[in-house]
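Per-entry structural report
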Amino acid sequence: MSMRPCRTNVRAALQISAVAAAVAVFAGCAGKPALPKYASVEAAARPSSAENFAALVPEADVVYFPVESASHGGRSDPAAQLLAALQKSGGPLAAAWDIIDVSQQPLLDQLQGAQGSAREELLGRLELDGTGRAREYCRSVLRAPESAAIRHLAIAPAATLAEKVRGGAVLSEEEQAEVPRGFRAPVGEMEAFTQRIASARGAAEGDVAALYREHLFAEQFAAERIARHFQGGGGGKLLVFLRQSDLEPGRGIPYFVPQKVQLRQLVFGSNRSRPGTKLLTDLPPARRVEVVDGAPRPARD
């Protein structure tokens, strides 16, 4: 049984309570101090030129972009400008998608280097999760000629495995090997999730517990895939397209990744501060850039 409708509903419910992010182009970024070698960065801004993206991305290993903020896939699209800035920064570049599950990775591998009708045939076979807008944007990026030189990664768990986790079913040894381990959730994450779901859907307590298992599993699974990319020698830069709900300050995938590997993370589309963060520069709220040195401290048992 496919889990795609349920996963889409869960994500949509989380997005209802998330603060909408308006992301276009950073203004006034050039000339700012370099980021620390290991840092998790949060940004809330309204960018206005590709040059300002180019001033920030050289300092980051992983760049997160909310797929809801992508518009049309044209050259003036903020995500397209970000992708162009990353390509110009030099070194290998990969892109990761949380609306594509790992069962689709063989198709993504075949896309690298494929051109013309062969590429279109592969794109037609690709199954995508998420909203219609997110799916169309993903296809527009994958269809772009410059994407043929980029490795694309699926970071969502297979639907059948996510369904089993949600239902608390017994997993096979092969499925157990796919379950991420060694992560610690933020303090109060279960309570925060319950409040978001309850206000959005009015779900029963049992439903919330099952949805939380699936939600946490999906975030940690994605974080594990990102960490493995770098641990396996992927290197270079990774552009990660995520739902806004997975980029909330103090939680989400950027919170989990540094628990496995130290990386400089740049997050576009978040406009709420984490407690205890240090400002990189004294900017007005509309142009704030915050830096957190090192990995976030895991929750206590």
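Report on the accompanying structure. (Residues numbered from 1 in each chain as written. Predicted model: local features only at pLDDT ≥ 70, side-chain atom pairs only at ≥ 80, totals over all residues. Heavy atoms only, no water.)

To continue, consider the pattern of salt bridges. Under the defined criterion, the tally for this structure stands at 10 salt bridges. In this structure, the salt-bridge partner of E120 is R143, at a minimum N-O distance of 2.7 Å. Of this pair, E120 sits in helix α5 (residues 116–125) while R143 sits in helix α6 (residues 132–143); the two residues are 23 residues apart in sequence, bridging distant segments of the chain. Given a relative accessible area of 37%, E120 falls into the partly exposed group. For R143, a relative accessible area of 39% corresponds to the partly exposed category. R166 is paired through a salt bridge with E214; the nearest N and O atoms lie 3.9 Å apart. Remark: E214 occurs in helix α10 (residues 205–231) and R166 occurs in helix α7 (residues 159–167); sequence separation between them is 48 residues. In this structure R166 comes out as partly exposed when scored by relative accessible area, which is 22%. By relative accessible area, E214 is classed as buried at 4%. (Salt bridge = Lys/Arg side-chain N within 4 Å of Asp/Glu carboxyl O. Helix = DSSP H or I, 4+ residues; strand = E, 2+ residues; numbered from the N terminus. Buried < 20%, exposed > 50% of the residue type's maximum accessible area, 1.4 Å probe, protein only.)

Next up on the list: the packing of α5 against α6. Where α5 contacts α6, the two axes come as close as 11 Å, and the packing angle between them is 155°. Classed by the angle they form, the pair α5 and α6 counts as roughly antiparallel. As for how α5 packs across α6, the hand of that crossing is right-handed. On α6, the residues touching R119, E120 and L123 of α5 are R139, L142 and R143. A per-class count over the contact of α5 with α6 returns two nonpolar, no polar and four charged. (Axes fitted to C-alpha atoms, helices over the stretch in contact; angles between N-to-C directions. Parallel < 35°, antiparallel > 145°, perpendicular 65-115°, else oblique. Left-handed = near helix turned anticlockwise from the far one by under 90°. Contact = heavy atoms within 4.5 Å. Nonpolar A, V, L, I, M, F, W, Y, C, P; charged D, E, K, R; others polar.)

With that settled, the discussion passes to the pairing of strand β5 (residues 237–242). Within β5, six of the six residues are buried, which leaves the element mostly enclosed by the surrounding structure. Of the two faces of β5, the one lined by K237, L239 and F241 and the one lined by L238, V240 and L242 are each fully buried. Relative to β5, strand β2 (residues 62–66) runs parallel, the two being bridged by five bridges. If you follow V63 over to β5, its bridge partner there is L239. Here strand β3 (residues 93–101) runs beside β5; their pairing, made up of five bridges, is parallel. Residue pairing for β5: A95 is matched across the bridge by L239. (Pairing = 2+ DSSP bridges.)

Next up on the list: the nonpolar core. Counting 37 residues, the largest nonpolar core has V63, F65, L82, W97, I100, L142 and L239 as its most contacted members. Those residues in contact with V63 that lie beyond four places of it in its chain are V57, L82, L86, L238, L239, V240, L266 and F268. Membership of the second largest hydrophobic core comes to 30 residues, among which are A96, F193, L216 and A227. (Core = buried A, V, L, I, M, F, W, Y, C linked by side-chain atoms within 4.5 Å.)

Let us now look at the pairing of β3. With nine of its nine residues buried, β3 lies for the most part within the structure. One ladder, built from five bridges, connects β3 with strand β4 (residues 151–156); its direction is parallel. For A95, the partnering residue across the bridge sits in β4 and is H152.

This part covers the environment of G167. Mapped onto the elements, G167 comes out in helix α7. In this structure the C-alpha to C-alpha distance between G167 and A209, which are 42 residues apart in sequence, comes to 9.7 Å.

Attention now goes to the side chain of E224. Its place among the elements puts E224 in helix α10. Once you skip the residues sitting within four places of it in the chain, E224 turns out to touch P180, R181, F183 and K260.

It is worth stressing that arrangement in space is one thing and function is another; only the former is reported here.
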